Amino acid sequence: MPIYEYECKPCGARFSKLVMTISNPPQVDCPKCGGGEVEKLISRVRYHRSESDRLSELDTSKPRDESFYKDSRNVGLWAKKRAKDLGADLGSEFDEVVDKARSGEILEDL
Ligand SMILES: [Zn+2]
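Per chain, residues are indexed from 1 in the order of the written sequence. Reporting of local features is limited, given that this is a predicted model, to residues whose pLDDT is at least 70; pairs of side-chain atoms are given and counted only at 80 or more, and all residues count toward the totals for whole chains, interfaces and linings. Excluded from the side-chain calculations are hydrogens and water; all other atoms, namely the structure's heavy atoms, are used.

Caption draft 1: Looking closely at the overall build of the protein. Only DSSP runs of H or I covering at least 4 residues are called helices, and only runs of E covering at least 2 are called strands; the numbering of each starts at the N terminus. Across its full length, the protein holds five helices and three strands. Going from N to C terminus, the protein has its helices and strands arranged as β-β-β-α-α-α-α-α. Summary of the burial criterion: residues with accessible area below 20% of their type's maximum are buried, those above 50% are exposed, and those between are partly exposed, where the area comes from a 1.4 Å probe applied to protein chains only. Evaluated residue by residue, the protein yields a buried proportion of 25% over its 110 residues. Taking as baseline every contact in the protein between residues at least 6 positions apart, the subset at least 24 positions apart corresponds to 39%. Each accessible area value is a Shrake-Rupley result obtained with a 1.4 Å probe; residue values ignore everything except the protein chains displayed when judging cover. Accessible surface for the protein amounts to roughly 8100 Å². Of this, 50% is attributable to carbon and sulfur atoms. Pairs of residues are marked as contacts when any of their non-hydrogen atoms sit within 4.5 Å.

In C-alpha cells:
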C-alpha cells in the first residue's frame with residue numbers, strides 16, 4: 001500500500017498518510033490545523049512493505065551483512081523466520097519483545 005506525503009498549504013505541516021486505494025483518494029485533513037487544503041507530494045510516494053513480505057524474502061541460509069542489522073525493522077525478523085521454519089510458535093510475547101526492540105525501548109531496559 002502506498003504512503004503519500006502531504007503538505008498543508010495554510011500551515012506548512014508535512015505528514016504522511018497510508019492510502020488504501022489509489023483510484024479513489026480519500027479526503028485528507030491536516031493533523032495540525034485540521035484544514036483540508038493539503039497538497040500531495042507525489043515525488044515522496046513510497047511503498048510500505050509488510051513484515052510478511054520481508055519474512056518471505058529473508059534467506060536464513062545466507063549470512064547477513066551489516067546493513068541488515070542497521071535496519072531496525074529487521075530486529076527479530078531472523079528469529080521469527082527461523083522459528084517459522086522450525087514450526088515453532090513464539091507467541092505474542094515474542095512479538096512484544098520485537099516491537100520493543102524495534103522502537104529502541106529494549107535498549108533503555110538493559
Ligand atoms: Zn495545516
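Caption draft 2: Quick peek at the coordination of the zinc ion. Listed donors are limited to N, O and S atoms within 2.8 Å of the metal, widened to 3.2 Å for Na, K and Ca; water is not among them, so incomplete-looking sites are possible. Looking at the zinc ion, one finds its protein donor set to be C8 (SG), C11 (SG), C30 (SG) and C33 (SG), positioned 2.2 to 2.3 Å from the metal centre. Here the metal geometry follows the donor angles, with tetrahedral for four donors whose angles all fall between 85 and 135 degrees, square planar for four and octahedral for six when opposite donors are more than 155 degrees apart and every other angle is between 65 and 115, and irregular for all the rest. Considering all four donor atoms around the zinc ion, angles at the metal cover 105 to 120° and the coordination shape is tetrahedral. In primary sequence terms, the donor set of the zinc ion follows C-x2-C-x18-C-x2-C. Linking C8 in strand 1 (residues 2–8) with C33 in the loop between strand 2 (14–18) and strand 3 (38–47), this pair joins segments that are 25 residues apart in sequence.

Caption draft 3: How the structure looks around the confidence of the model for the protein. One number per residue, pLDDT, summarises how confident the predictor is, and it ranges from 0 to 100. On average, the protein scores 76 in pLDDT, and the residues at 70 or more come to 79%. Taking the mean pLDDT of every element in the protein, the minimum, 54, falls on helix 5 (residues 105–109) and the maximum, 86, on strand 2.

Caption draft 4: Fine view of the side chain of K81. On the secondary structure map, K81 appears in helix 3 (residues 77–85). Setting aside anything within four residues of it in sequence, one finds K81 in contact with L55, S56, L58 and T60.

Caption draft 5: The packing of aromatic side chains, seen in detail. In this scheme Phe, Tyr and Trp rings, the latter by its six-membered ring, pair at centre separations within 6.5 Å, and the angle between planes marks the pair as stacked below 30 degrees, edge-to-face above 60, and tilted otherwise. Across all of its chains, the model carries one aromatic pair by this definition. A ring is scored as having a charge over it whenever the NZ atom of a lysine or the CZ atom of an arginine sits within 6 Å of its centre and within 35 degrees of its normal. Residue placement shows K40 over the ring face of Y4; its charged tip is 4.2 Å from the ring centre.

Caption draft 6: Looking closely at helix 3. The set of residues buried in helix 3 consists of L77, K80, K81 and A83. Angularly, the buried residues of helix 3 cover 165° about the axis, an arc narrow enough to put them on a single face. Of the surrounding secondary structure, the elements contacted by the buried residues of helix 3 are helix 1 (51–57) and helix 4 (91–103). Looking one or two places after helix 3, you find G87, whose phi comes out positive at around 75°. It is the directions from the helix axis to the C-beta atoms whose arc is reported.

Caption draft 7: Spatial organisation of the pattern of salt bridges. Note on definitions: salt bridges are taken to be side-chain nitrogens of Lys or Arg within 4 Å of carboxyl oxygens of Asp or Glu. Applying the stated rule across the entire model yields one salt bridge. Salt-bridge contacts for E7 lead to R14; the nearest nitrogen and oxygen are separated by 2.7 Å. R14 sits in the exposed class, given a relative accessible area of 52%.

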